Amino acid sequence: MSGGTYLGMPAFPKAAHEAVHNETLRGNLRHATHTIRAKREKAVAEVSDWAELREAGKQIKDHTLRHLDRYLVQLEESVTAAGGTVHWAADADEANRIVTYLVKATGESEVVKVKSMATQEIGLNEALEAEGISAYETDLAELIVQLGKDRPSHILVPAIHRNRGEIRDIFAREMSEWGRPAPEGLTDTPAELADAARLHLREKFLRAKVGVSGANFMVAETGTMVVVESEGNGRMCLTLPETLISVVGIEKIVPTWRDLEVFLQTLPRSSTAERMNPYTSTWTGTTDSESADGPRTFHLVLIDNGRTDTLADEVGRQALRCIRCSACLNVCPVYERAGGHAYGSVYPGPIGAILSPQLRGTGSEIDASLPYASSLCGACYDVCPVAIDIPEVLVHLRERVVQGGAVTREGAKVVLKPAKGHAAERAAMRAARWAFSHPGVLRTGQRAASRTRRFHPRTLPGPGKAWSETRSLPAVPAEPFRDWWQRTQGGKDASK
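Residues numbered from 1 in each chain as written. Predicted model: local features only at pLDDT ≥ 70, side-chain atom pairs only at ≥ 80, totals over all residues. Heavy atoms only, no water.

Naming follows an unreviewed UniProt entry, where the chain appears as Iron-sulfur cluster-binding protein of Streptomyces aurantiacus.

Written out as structure tokens, the structure is:
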């Protein structure tokens, strides 16, 4: 993986074409997403003021993003006052260098990790491995992915593409290479699989001196980090190691504890369909006592990695509201059929289709294709707990891909490099603009189209063939609307 992009991944259309022919994958995804979706609907229906909570979350996030510079400074002051140290990383490489240095400074060669999208985004595990440091994932789904030498395919449930039989085989085959082996005669029952993972991880929790985490939220007024989870592995990583390093995107900040209240209601219902998370861990700074829970050394690494450029886009910046609930994935018909790997990013599904091209730019084949990985049905917007209008951003990014191509920086200036491809589309749009600006030309073209309607093809030629293979081209009317309107004197038949 490089810069958050999986090396060797094709553009979304090709990857999705291959994925939809995998019947096992589609079956796993269909069962899991439909189950989570149904549970979420019930959990949300219990809350009478859900719409108000959703709007409050949107307003809090938008306010924070507008004043992000101020709240980041406040956060740094609060963390420092509580005994922590704040590090700033402009990109993935700088973040990886900082974390690697901090781990090496402890003299340790292994770390235990809380599930973190940010560390996946920057490729931290690979960077640590290159420096001789072993990073052990402790979230059950992340453990499955790591042992299987796989890639995450879902924000909330990274191993959603695996069934129980596949997980049992992975545990039996790989656990011994990473530590305690799987028990003899392991079956695929959930209880036995969970117990095997618990025994395998326990020795790592008790041995590790360094923990690495992300954070779901950061509270500016107190410098508090917040991690919500369902398994308890995160709390083990946050309380047992002597040194804790948290790697967090700069957009995860909220101004006050009261703001946090909103998201602790909407996040669990939208993600795991629970009224509240089984484990909500908060920590502020460090502890001085060896007998007390919590780290004696705490480092916060704040990463930008494209977020400032995203913030500069008035339409696209709403993607930074995302609280990583994954509700949009579970209702998306495209994700359900293509799976997460087709997106070529740690952020799959609808949110990945708008977030990845903004964080990484649209210069690569993968990122230029992601804004088109949607039917624009709008289901993702309907379920988003912070009201991100994903279809609006998708259309906005499609315009960027067609008109400008890759987003890059030249000094302090953001520029658009000319796009490769889409020449026919741009030419068609220019021709349409000219025709609509000349009523006489438009009228002549409409009449010609109506008179030659019998000879029109059923499918489009050239680049448009793939689009029309699964769609019927609309039939041209026998009479243009303009002629009908004139003949009937504004819709009223002149003969009556």
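Having seen it, we continue.
**Q** What is the right way to look at the overall build of the chain in this model?
**A** If you tally the helices and strands in the chain, you get 23 helices and twelve strands. Its C-alpha atoms give the chain a radius of gyration of 26 Å, within 12% of the compact-globule value 23 Å for 496 residues. Expressed as lengths along the three principal axes of its C-alpha atoms, the size of the chain is roughly 95 × 55 × 45 Å. A burial count over the chain gives 50% of its 496 residues as buried. Restricting the contact set of the chain to residue pairs at least 6 apart, pairs at least 24 apart contribute 72%. Put simply, the chain has 61 plus and 61 minus side-chain charges, and the middle of one group is 10 Å from the middle of the other. (Helix = DSSP H or I, 4+ residues; strand = E, 2+ residues; numbered from the N terminus. Rg over C-alpha atoms; globule rule 2.2 N^0.38 Å. Buried < 20%, exposed > 50% of the residue type's maximum accessible area, 1.4 Å probe, protein only. Contact = heavy atoms within 4.5 Å. Lys, Arg positive; Asp, Glu negative; His and termini not counted. Charge placed at Lys NZ, Arg CZ, Asp CG, Glu CD.)

**Q** What should I look at first to understand the pattern of salt bridges in this one?
**A** If the charged atoms of two oppositely charged side chains come close together, the side chains can form a pair. Scanning all chains against the criterion turns up 22 salt bridges. Among the salt bridges present, the one from Glu174 reaches Arg173, with a minimum N-O distance of 3.2 Å. The partly exposed category is assigned to Arg173, whose relative accessible area is 49%. One salt-bridge network, in which partners are shared between bridges, spans Glu121, Glu251, Arg307 and Arg324. (Salt bridge = Lys/Arg side-chain N within 4 Å of Asp/Glu carboxyl O.)

**Q** In this structure, what is going on with the packing of aromatic side chains? I would like to understand it.
**A** Here the distance between the centres and the angle between the planes together describe a pair of aromatic rings. For the coordinates displayed, the defined rule picks out eight aromatic pairs. The interplanar angle of 35 degrees and the centroid separation of 5.7 Å between the aromatic rings of Phe481 and Trp485 together place this pair among those described as tilted. Linking Phe481 with Trp485, this pair stays in helix α23 (residues 481-487), spanning four residues, or about one helical turn. Among the residues examined, Phe481 registers a relative accessible area of 56% and is labelled exposed. Ring pairs connect the aromatic residues Phe12, Tyr335 and Tyr343, which therefore count as one cluster. Above the face of the Tyr381 ring, Arg54 is positioned so that its terminal group lies 5.0 Å from the ring centre. Geometry around Tyr71 places Arg70 over its ring, the cationic atom sitting 4.7 Å from the centre. (Phe/Tyr/Trp six-rings, centres within 6.5 Å; stacked < 30°, edge-to-face > 60°. Lys NZ or Arg CZ within 6 Å of the ring centre and 35° of its normal.)

**Q** Would you mind going over a nonpolar patch on the surface with me for this structure?
**A** Where nonpolar side chains cluster on the molecular surface, the patch consists of Phe481, Trp484 and Trp485 and spans about 350 Å² of accessible area. Look at Trp485 and you get partly exposed, because its relative accessible area is 44%. (Patch = residues over 30% accessible without salt bridge, like charges linked within 9 Å, V, L, I, M, F, W, Y side chains within 5 Å. Areas by Shrake-Rupley, 256 points an atom, 1.4 Å probe, with all protein chains shown as cover.)

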